[in-house]
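Structural characterization, general
Here is what each chain is made of, one letter per residue.
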Amino acid sequence: MKNLTSAQVRQMFLDFFKEKNHGVEPSASLVPKDDPTLLWINSGVATLKKYFDGRVVPENPRITNAQKSIRTNDITNVGYTARHHTFFEMLGNFSIGDYFKEEAIDFAWEFLTGKQWIGLNQEKLSVTVHPEDEEAYVLWRDKIGLPEERIIRLEENFWDIGEGPSGPNTEIFYDRGAAYGEDATDPELYPGGENERYLEIWNLVFSQFNHNPDDTYTPLPKKNIDTGMGLERLVSVIQNTKTNFETDLFLPIIRETEKLANTTYNASEATDVAFKVIADHIRTVTFAVSDGALPSNEGRGYVLRRLLRRAVRYAKQIGIEKPFMYQLVPTVGAIMEAFYPEVHDKKDFIQNVMKTEEERFHETLQEGLQILHTIIDNEKAKGHRLFPGKEVFRLYDTYGFPKELTEEYVEEAGFKMDEAGFEKEMAKQRERARNARQKVDSMQIQDSVLSDIKVDSTFVGYDYLRTDTTVAELVADKQLVDKVEAGNEAYLILAETPFYAESGGQIADKGRILFENGTAEVQNVQKAPNGQNLHRILVQEGTLSKGQAVFAEVDQLSRQYIIKNHTATHLLHQALKDELGEHVNQAGSLVATERLRFDFSHFGAVTEQEIAEIEQKVNEKIWASIPVTITNKTIDEAKEMGAMALFGEKYGDIVRVVEIGDYSIELCGGCHVRNSAEIGLFKIVSESGIGAGTRRIEAVTAKGAYQYVNGKHQLLQTAASQLKTMEEQVPERLEHVFQEIKEQQRQIQSLQAKLSQQEASSILADVKEVNGKHILAKKVDVSDMNQLRQMVDEMKQKLESGIILLAAVNNDKVQLAAGVTKDLVSEGYHAGNLIKETAKICGGGGGGRPDMAQAGGKDASKLSEAFNYVEKYAQNPQ
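Think of each chain on its own: its residues are numbered from 1, step by step along the sequence as written. Restriction of local features to residues with pLDDT of at least 70 applies here, the model being predicted, together with a cutoff of 80 or more for giving and counting side-chain atom pairs; totals for whole chains, interfaces and linings are based on all residues. Processing note: side-chain calculations cover all non-hydrogen atoms of the structure and skip hydrogens and water entirely.

What counts as a helix is a DSSP run of H or I of at least four residues, what counts as a strand is a run of E of at least two, and both are numbered from the N terminus. Mapped onto the secondary structure, F275 falls in helix α7 (residues 269-290). Taking the relative accessible area as the measure of exposure, F275 reaches 0% and is therefore buried. C-alpha separation for the pair F275 and A677, spaced 402 residues apart in sequence, amounts to 58 Å. In contact with F275, other than residues within four places in its own chain, are I254, T257, E258, A261, T263, T264, Y265 and I318. The buried label goes to any residue with under 20% of its type's maximum accessible area, the exposed label to any with over 50%, and the partly exposed label to all in between, with areas taken from a 1.4 Å probe on protein chains only. We call two residues in contact whenever any of their non-hydrogen atoms come within 4.5 Å of each other.

Written as structure tokens, this is what we have:
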């Protein structure tokens, strides 16, 4: 076995399968694109669903990749076991209807045991197969030559995620030796059992069935291969480490953490857990932020927040008491730079996000501790010794205070934690999450009709909006047809088409298809599995036939608006980077006829001044009449030019480069104006946050911008008319009106104060003496709570010693205010307690300080009863 680094293993895997004629797919973003079933990309196959379910036919049916992945379902095991991780890399090879079991098994064995590759000792390898998969069993025994005792039949060797492709699988295990288990009586000591000796390093899935909606299984039209080999596991075997954490993927992070801690790795089992948790979680958060996810209170952002806070809690166990995770980002970047340069490139941004989140949590930690001590004091006062699970959950859910940390503190204070109560609240939260989750199919069933269409179709819509062409294929009711009658919908592929298929945020063209004695309306255009533009049409007149000559015509006006908006989107993207920073990246877009929408990564709100600057910058480029040039380049040439590529998008060897002078250079397959001046005018109509770290700008151009500005002008004209002034004097006139209103309000308040004083003087006659205390309980005529409180204050000063309850009724609602003078507060009288009981009588609630309190009620008919209660309270305040 060779002595290899993790980077060498990863590259060797890709090189091996490249030699076997596989196309190398780049690692996709951890944030799934157009897949609502996933929170994160969690496997190598997750990004290839479109190939497996037949929506897209790959250029090469043989694919290989090294895919970064996140799984957090076993987060509590991370740090305590040898191989649980939240972030990991899955190396895979895939066949979409090409080779099957024999080649997949041959490839795996050659890569693992071949001397020019990994070179593992064949005697240390065993496999598992499904009991009914005789084909795989025979291949391992007769083709590979494994002895039967090292081919274990296991019932669980069947890969099935519900509706969609499924099938048996075979797993490859490495025997780590007797040091990891040799007790022959251990029932789990076998490949596939729960043990540390036999380590699974590769899983080969043979997708040969469709799992149908009725839970039956039928053979797939095309059988597929889906394999996954964990890089961390294989590297631990090659580098002969006890756990994954001693490999070169984790150990440099642990060594860097040691410099910040008051202990070292391997000092104790407990502190080792802390080092492992930190090393694992920093990788996850670093890569997730690099791909555009940001900490928040929901979804992906909540996962990141939880991981960061978990790491901070464990850091306290090794003496790290201040923000530190951000300091480890450069180490992660250095380890992974060979294959993931984006981490190093975005280092400053990732550190900024992480440091901000850590500082926020350290502040939250202090706030949480204060709340925790208050709860402990209250529970002690009640004589309780079981700390309420509901409060544990509140600290965890509202303040991000880790449950384990709460448990430590409450045990020190002599409490036991109510685990059952906490789990009950967690179960409620999980149920809420399940109810809110969108129910969607995780993978579609193969439909071979469209994927079998291989006819050529050329898009000519960059240069022509009208063209003579012929009908290449017609599809209706999920089958190929020769003709479509008037009144029916169908799908159409043309030999040449001017219609743009929806992609890259740009909507599809609409228009007409004219033919002899008939017309068809083009309602939408999407990409077919083999890349042709697939037109959804409604035949309005005549009969449309396969092979027929037709005239295709795009709606020219609609396309003109679309291209103005699309080019403006490129200008906006660059202006955002100029104004907000290079960390800004596109997170989604819509280019339509009437507007454009642009989503982008940015972790702070955009100020009004920044929006004005961005808008000004885009308009300056429009008014500068900059030529727009479009060229086809190799991907390397485009990169050398500095072309902006969208992260997570797949690009071919030849790419389309859109240049707006030297200001904006992007890879784009969309349609654009020839000169920026054609856009005319650009106007931002809204800016908002749509999720954690993601902002959205909506804007209009040309006619849309004119209509927007004109609408605002009409509003100004209306305002000027109503204010009886000229348009340019509206602000001045409004200021004058505001000053008049303020003066009138001041006069009203002054009059109300005088009336309150008069009424206060008049009700002094109603003061009673009960139990040697002056009491005043009276309904008064005031309009709001402020006046009521002021009157209570005045009566306290006039009485010098007394208990006061005043009430006002406005719009059938009761307002109550109570006051207790200082001398009586010291005797145990409490305005808050008084108001609580009197408000309850009136069907309401409230509270306050010992000397002043207020409340509201619904039932004014109960006021007399409330006033009577004041006399009882004066006799006994308990």
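Another aspect to go through is a negative patch on the surface. Patches here: salt-bridge-free residues with over 30% relative accessible area, like charges joined within 9 Å, nonpolar side chains (Val, Leu, Ile, Met, Phe, Trp, Tyr) joined within 5 Å. Every accessible area reported is derived by Shrake-Rupley at a probe size of 1.4 Å, with residue values counting cover from the shown protein chains alone. For salt bridges, the criterion is a side-chain nitrogen of Lys or Arg within 4 Å of an Asp or Glu carboxyl oxygen. For this count, His and the chain ends are skipped, Lys and Arg are scored as positive, and Asp and Glu as negative. Charged side chains are reduced to one point each, which is NZ for Lys, CZ for Arg, CG for Asp and CD for Glu. Residues E59, D636, E637, E640 and D653 make up a contiguous surface patch of negative charge. If you trace the backbone, E637 turns up in helix α18 (residues 635-641).

Now for the nonpolar core. If you look at the biggest cluster of nonpolar residues, it comprises 93 residues, and the most contacted ones within it are F111, W140, I172, I201 and W202. With 11 residues, α7 is the largest single contributor of residues to this core. With sequence-adjacent residues up to four places away left out, I172 is seen in contact with A108, L112, L125, S126, V127, W140, L199, E200, I201, W202 and L204. One finds L571, F598, I614 and V618 within the second-largest nonpolar core, a separate group that totals 30 residues. Within this scheme, the nonpolar core is defined by two criteria: the residues are buried Ala, Val, Leu, Ile, Met, Phe, Trp, Tyr or Cys, and they are joined through side-chain atoms within 4.5 Å.

Along an α-helix, residues three or four apart share an orientation, since each turn contains 3.6 residues. If you check which residues of helix α6 (residues 251-258) are buried, you get I253, I254, T257 and E258. Mapping the buried residues of α6 onto a view down its axis gives an arc of 145°, with all of them on the same face. Summarising the contacts, the buried residues of α6 are in contact with α7 and α9 (329-336). What the arc measures is the spread of directions leading from the helix axis to the C-beta atoms.

Below, the discussion takes up the sheet that holds strand β26 (residues 654-660). Two strands form a pair only when DSSP identifies at least two bridges running between them. Taken together, 3 strands build an open sheet; the order of strands is β25-β26-β27 and the sheet is antiparallel. Two strands in the sheet have a free side with no partner beyond their single neighbour: β25 (628-634) and β27 (664-667). Direction aside, neighbouring strands of the sheet carry axes that sit 25° apart on average. As paired strands, β26 and β27 are joined by 4 bridges and run antiparallel to one another. Within β27, the residue paired with V658 across the bridge is E666. Orientation is described by axes fitted as lines to C-alpha atoms, over the contacting stretch for helices, and by angles from 0 to 180 degrees between their N-to-C directions.

Before going further, it helps to spend a moment on the side chain of T469. Within the fold, T469 resides in strand β13 (residues 466-476). Counted as a polar contact is a pair of N or O atoms within 3.5 Å, where, for protein atoms, one must be capable of donating a hydrogen and the other of accepting one, and residues adjacent in sequence contribute only when both atoms are in side chains. There is a polar contact of 2.9 Å between the side chain of T469 and the backbone oxygen of E496. Apart from residues lying up to four places away in sequence, T469 is in contact with L494, A495, E496, Q548, A549, V550 and A552.

All right, on to the sheet that holds strand β30 (residues 768-770) then. What the 6 strands build is an open sheet, ordered β30-β31-β32-β33-β35-β34; its pairing is mixed. The two strands at the open ends of the sheet, each matched to only one other strand, are β30 and β34 (845-848). Averaged over neighbouring strand pairs, the angle between their axes works out to 20° when direction is ignored. In this fold helix α21 (residues 785-799) packs onto β31 (773-779), β32 (803-810), β33 (813-820) and β35 (852-857), with an angle of close to 30° to the strand it touches most, β33. The strands touched by helix α23 (residues 831-841) within the sheet are β32, β33, β34 and β35, with β33 carrying the most contacts at an inclination of about 155°.

Stacked, tilted and edge-to-face pairs are distinguished by plane angle, under 30 degrees for stacked and over 60 for edge-to-face with tilted covering the rest, among Phe, Tyr and Trp rings (Trp via its six-membered ring) whose centres lie within 6.5 Å. Applying the stated criterion to the full structure yields 27 aromatic pairs. Considering the side-chain rings of F13 and W202, the 5.8 Å spacing of their centres and the 50° angle between planes classify their relative orientation as tilted. Placement of the pair is F13 in helix α1 (residues 6-19) and W202 in strand β8 (residues 198-211), with a sequence separation of 189 residues. The two residues F13 and W202 agree in class, both being buried. Aromatic side chains Y829 and Y873 sit 5.7 Å apart centroid to centroid with 75° between the ring planes, which places their arrangement in the edge-to-face category. Placement of the pair is Y829 in the loop between α22 (822-825) and α23 and Y873 in helix α24 (residues 863-875), with a sequence separation of 44 residues. Connected via pairs of aromatic rings, a cluster forms that spans F13, F16, F17, Y99, F107, F111, W117 and W202. Just above the ring of Y137 sits the side chain of R153; from NZ or CZ to the centre is 4.0 Å. Each ring is checked for a lysine NZ or an arginine CZ that lies within 6 Å of its centre and within 35 degrees of its normal; such an atom marks a charge sitting over the ring. Sitting above the plane of the Y314 ring, R313 keeps its charged end 4.3 Å from the centroid.

This brings us to the pairing of strand β23 (residues 586-591). One ladder, built from 5 bridges, connects β23 with strand β24 (residues 596-601); its direction is antiparallel. Each bridged residue has a counterpart across the sheet, and for G588 the counterpart in β24 is D599. Remark: 4 residues form the turn of the hairpin made by β23 and β24, two consecutive strands paired antiparallel.

Our focus in this paragraph is the pattern of salt bridges. According to the stated counting rule, one finds 44 salt bridges in the structure shown. For K101, the salt bridge identified is with D133, shortest N-O distance 2.7 Å. Placement of K101 in helix α3 (residues 101-113) and of D133 in the loop between β4 (125-129) and α4 (134-144) is noted, with a sequence separation of 32 residues between them. Residue K101 shares its accessibility class with D133, and that shared class is buried. K840 is the partner of E837 in a salt bridge, and the nearest nitrogen-oxygen pair spans 3.9 Å. Highlighted residues: E837 and K840, both in helix α23, separated by 3 residues, approximately one helical turn. A residue is classified by how much of its surface remains accessible, and E837, at 28% relative accessible area, is partly exposed. With a relative accessible area of 51%, K840 lands in the exposed category. Three or more residues are tied together by salt bridges with common partners; here these are R305, R309, E357 and R360.

Below, the discussion takes up unusual backbone geometry. Residue N266 is not a glycine yet carries a positive backbone phi of 75°. Here N266 lies in the loop between α6 and α7. Since its relative accessible area comes to 57%, N266 is described here as exposed. The phi dihedral of S625 falls on the positive side, at around 50°, and the residue is not glycine. Structurally, S625 is set in the loop between α17 (608-623) and β25. Here S625 falls in the partly exposed class, since its relative accessible area comes to 37%.

To continue, consider the pairing of strand β18 (residues 511-515). Across the two faces of β18 the burial differs, with G511, I513 and F515 buried and R512 and L514 not buried at all. As judged from the 4 bridges shared by β18 and strand β22 (residues 549-554), these two strands associate in the antiparallel manner. Opposite G511, over in β22, you have V554 as the bridge partner. Looking at chain direction, β18 and strand β19 (residues 518-527) are connected through 5 bridges and run antiparallel. Paired with G511 across the strands is V522, a residue of β19. Connecting β18 to the next strand, β19, in antiparallel fashion are 2 residues, including N517 with a positive phi near 65°.

To continue, consider α23. If you check which residues of α23 are buried, you get A831, G832, L834, I835, T838 and A839. Projected down its long axis, α23 shows its buried positions confined to an angular sector of 155°, all on one face. Buried residues along α23 sit against β32, β33, β34, β35 and α24. Directly after α23, the chain includes G843, whose backbone phi takes a positive value near 75°.

All right, on to the environment of Q532 then. Looking at where Q532 falls in the secondary structure, it is placed in the loop between β19 and β20 (533-541). Judged by relative accessible area, which is 4%, Q532 ranks as buried. For the pair Q532 and G542, spaced 10 residues apart in sequence, the C-alpha separation works out to 25 Å. Apart from the residues lying within four places of it in its own chain, the contact partners of Q532 are I453, K454, V455, S457, I493, Q526 and K527. Among the polar contacts listed, one links the side chain of Q532 to the backbone oxygen of V455, at a separation of 2.9 Å.

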